[in-house]
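# Structure at a glance
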Amino acid sequence: MIPKHIKLLFCIPFIIIICYSVYLCTVYSSVPDIIPIHSFGNVKDNYGNKIFLVLPILLNLVILVIIWRIIRRPDKIKFTFEINENDREKTYHTTQLALVIIAIFITIMMGPLSFSDVVYK
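Anyway, here's the lowdown on the structure attached to this text. (Residues numbered from 1 in each chain as written. Predicted model: local features only at pLDDT ≥ 70, side-chain atom pairs only at ≥ 80, totals over all residues. Heavy atoms only, no water.)

### Structural notes on helix H1 (residues 4–27)
With 24 residues, H1 extends 36 Å between its outermost C-alpha atoms, agreeing within 8% with the 34 Å of an ideal straight helix rising 1.5 Å per residue. Inspection of H1 places Ile6, Phe10, Pro13, Ile16, Ile17, Tyr20, Leu24 and Val27 among the buried residues, and these make up the whole buried set. (Helix = DSSP H or I, 4+ residues; strand = E, 2+ residues; numbered from the N terminus. Expected span 1.5 Å × (residues − 1). Buried < 20%, exposed > 50% of the residue type's maximum accessible area, 1.4 Å probe, protein only.)

See below:
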């Protein structure tokens, strides 16, 4: 069973994604039709359509679904250590909390950093 505070904390990435999406919708018409696409560093590697601005949001949602499936079933995780029966719930709770923190971090990193050159001018 997932504790209520884990569920509430897992809502934070979705709130962040909604905020990014609303912001992107408000500035989408002012973004040029052709945008630079980067791979590594600050070098413009290629150019693409502005619809590519939506891809980081969609990718983030896919990652969040995967993380949520892991959070729902912590008993399926193959831990590299033996879990005592007494510590099982505590270990599952700690793992769920760590996954929520990872989800929040991924969402924060994928949001504004993904389209900072184009949208935040």
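Past the structure itself, the notes keep going.
### Some remarks on the side chain of Lys50
Considering the arrangement of structural elements, one finds Lys50 in the loop between strand S2 (44–49) and helix H2 (55–72). According to the relative accessible area criterion, Lys50 is buried, its value standing at 11%. Excluding anything up to four places from it in sequence, Lys50 contacts Tyr28, Ser29, Val31, Pro32, Asp33 and Ile35. (Contact = heavy atoms within 4.5 Å.)

### Thoughts on a nonpolar patch on the surface
A grouping of Ile51, Phe52, Leu55 and Leu58 is seen on the molecular surface, where their side chains present a nonpolar patch of about 370 Å² in accessible area. For Ile51, the location among the structural elements is in the loop between S2 and H2. (Patch = residues over 30% accessible without salt bridge, like charges linked within 9 Å, V, L, I, M, F, W, Y side chains within 5 Å. Areas by Shrake-Rupley, 256 points an atom, 1.4 Å probe, with all protein chains shown as cover. Salt bridge = Lys/Arg side-chain N within 4 Å of Asp/Glu carboxyl O.)

### A closer look at the nonpolar core
In terms of nonpolar packing, the biggest core is built from 16 residues, with Phe10, Ile67, Ile71 and Val100 touching the most fellow members. Broken down by secondary-structure element, the contributors of at least two residues to this core are H1, H2 and helix H3 (88–110). (Core = buried A, V, L, I, M, F, W, Y, C linked by side-chain atoms within 4.5 Å.)

### Brief notes about H3
The terminal C-alpha atoms of H3 lie 33 Å apart, and with 23 residues this matches the ideal 33 Å at 1.5 Å per residue to within 8%. Among the residues making up H3, those that are buried are Thr91, Tyr92, Thr95, Gln96, Leu99, Val100, Ala103, Ile104, Thr107 and Met110. Those residues of H3 that are buried lie in contact with H1 and H2.

### Here's the deal with the pattern of salt bridges
Pairing between side chains becomes possible if they bear opposite charge and their charged atoms approach one another. With the rule as written, the count across this model stands at three salt bridges. The salt bridge involving Lys50 is made with Asp33; its shortest N-O contact spans 3.7 Å. Pair noted here: Lys50 is in the loop between S2 and H2 and Asp33 is in the loop between H1 and strand S1 (34–38), with a separation of 17 residues, a long-range link. Linking Glu85 and Arg88 is a salt bridge whose minimum nitrogen-to-oxygen distance equals 3.3 Å. Note on Arg88: relative accessible area 25%, which makes it partly exposed.

### Thoughts on the environment of Pro13
Inspection of the secondary structure puts Pro13 in helix H1. Linking Pro13 and Ile104, residues 91 residues apart in sequence, is a C-alpha distance of 5.2 Å. Once residues within four sequence positions are removed from consideration, Pro13 is found in contact with Leu64, Ala103, Ile104 and Thr107.

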